[in-house]
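Survey of secondary and tertiary structure
The primary structure of each chain is shown beneath.
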Amino acid sequence: MFWLILALVVCVALASAVLGMVAVPARREGRQVLTPRGENLVTSVAQTTDKVATRAKDATENVVGTVKRERSRA
């Protein structure tokens, strides 16, 4: 198990090194890291995440209100 975890840590370290060598300098020079299609995808995912979080919050508040009403009746 130790070797598996060690291998995963090494993979993450290598991925971080590659990202640091490629993406960070490109971003500093003003170049886009993602293609326009990729940027649109990220924006779409962020908007969908906001919608889902809002729905989950509303549903949670609804359930809490219902539970409180039921407990006050009992």
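Here is a short report on the structure shown in this document. (Residues numbered from 1 in each chain as written. Predicted model: local features only at pLDDT ≥ 70, side-chain atom pairs only at ≥ 80, totals over all residues. Heavy atoms only, no water.)

Summed over the entire model, instances satisfying the criterion amount to one aromatic pair. With centroids separated by 5.2 Å and ring planes inclined at 70°, the aromatic side chains of F2 and W3 adopt a geometry described as edge-to-face. (Phe/Tyr/Trp six-rings, centres within 6.5 Å; stacked < 30°, edge-to-face > 60°.)

The subject of this paragraph is helix α1 (residues 2-28). Between its terminal C-alpha atoms α1 stretches 38 Å, which fits the 39 Å expected from 27 residues at 1.5 Å a residue. Along α1, the sharpest change in direction is near 35° and occurs at G20. G30 lies just past α1 and shows a positive phi near 95°. (Helix = DSSP H or I, 4+ residues; strand = E, 2+ residues; numbered from the N terminus. Expected span 1.5 Å × (residues − 1). Bend = angle between axes of the 7 residues up to and from the residue.)

It is worth spelling out the pattern of salt bridges at this point. If charged atoms from side chains of opposite charge come close, those side chains can pair. Scanning the entire structure with this criterion turns up one salt bridge. Where E70 meets R73, a salt bridge forms, and the shortest distance between an N and an O atom there is 3.5 Å. Placement of the pair is E70 and R73 together in helix α2 (residues 36-73), with a separation of three residues, close to one helical turn. For E70, a relative accessible area of 44% puts it in the partly exposed group. According to the relative accessible area criterion, R73 is exposed, its value standing at 65%. (Salt bridge = Lys/Arg side-chain N within 4 Å of Asp/Glu carboxyl O. Buried < 20%, exposed > 50% of the residue type's maximum accessible area, 1.4 Å probe, protein only.)

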